[in-house]
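# An overview of the molecular structure
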Amino acid sequence: MRRLAMILCVLFAGADALLAQLTTPTDWKWRQDAPAPVATKMEPGSWVFVQMPPGWHVTTGPGALLYPDSGGDTSGNFSLEAEVFLFPGESQSEYGVFLGGRDVDGNAPEYTAFVLRRDGQAAVLRRRAGRAAPIADWQRHDAVVPHKGGNDAVKNVVRVDVDPQNATMLVNGTKVVSIARNEIGADGRVGLRVGDAMNLHISTFNVTRRFAPTPVKKSQ
């Protein structure tokens, strides 16, 4: 963690020597909300997506979906978890994970995003038919660490557990919201959702597929 903190401080300070050594990951794909060229350091009109072990650094212009090039489809019972460091900035756009991705490479993408915001709020957003709308609207939660200013990044761990009945979002180990599975179309592509004008480091993104059957709750 100390090594990561040092790297993040250097990167945020804009060290060109470090930035010049970074490369865009070849095993990930992306879909932007609007066209912009990807780069390894921020230039006017561009955005940044680079490997920076541990994890990846993302600085958006337009918002984007980021997802593994292969092996990124899920179904059944599974969990997503991302550890995200949010850097200082003004944007109140969303960041977190998405699931249920369909046609993410095509003309009519659909997905459900479980996301946070700089002001300490969380939401569940469903995109389909060309527009995004909240399933669970923005609401402040004590579990979400807000960015209150200053020069340091803040860390939040976003997790979504999907079982046959529900998709449950936890932030830093605390339950924030649970949505009925049939409301979100859970099966499909999974990945990261980053809104516009955001500056993040994602140190982990884990997908766990659970094969053991879910216990049946006995009626009272």
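What comes next concerns the included structure. What you see is a predicted model; the values in this text were computed from it and never measured. (Residues numbered from 1 in each chain as written. Predicted model: local features only at pLDDT ≥ 70, side-chain atom pairs only at ≥ 80, totals over all residues. Heavy atoms only, no water.)

Another point: the nonpolar core. Core analysis: the largest hydrophobic core is formed by 42 residues, its most contacted members being Leu66, Val97, Leu99 and Phe114. Of all the elements, strand 7 (residues 77-86) adds the most residues to this core, at five residues. Excluding residues that lie within four positions of it along the chain, Val97 makes contacts with Leu80, Ala82, Thr112, Ala113, Phe114, Val158, Val160, Gly191, Leu192, Arg193 and Phe205. (Core = buried A, V, L, I, M, F, W, Y, C linked by side-chain atoms within 4.5 Å. Buried < 20%, exposed > 50% of the residue type's maximum accessible area, 1.4 Å probe, protein only. Helix = DSSP H or I, 4+ residues; strand = E, 2+ residues; numbered from the N terminus. Contact = heavy atoms within 4.5 Å.)

Attention now moves to the sheet that holds strand 7. Read across the open sheet, the eight strands follow the order 2-3-4-16-7-12-13-14; overall the sheet is mixed. Among the strands making up the open sheet, the edge pair consists of strand 2 (38-39) and strand 14 (174-180). (Pairing = 2+ DSSP bridges.)

Let us look at the pairing of strand 5 (residues 64-68). For strand 5, the buried fraction is high: five of the five residues fall into the buried class. In strand 5, alternate side chains face the same way, and those of Ala64, Leu66 and Pro68 on one face and Leu65 and Tyr67 on the other are all buried. Bridge analysis of strand 5 against strand 15 (residues 188-194) gives three bridges, and the strand direction is antiparallel. By the bridge assignment for strand 15, Leu65 is matched with Arg193.

Looking now at the side chain of Thr168. As for its position among the elements, Thr168 is in strand 13 (residues 166-171). Those residues in contact with Thr168 that lie beyond four places of it in its chain are Arg159, Val160, Asp161, Lys175, Val177 and Ser178.

Interpretation in functional terms is not warranted from these geometric data alone.
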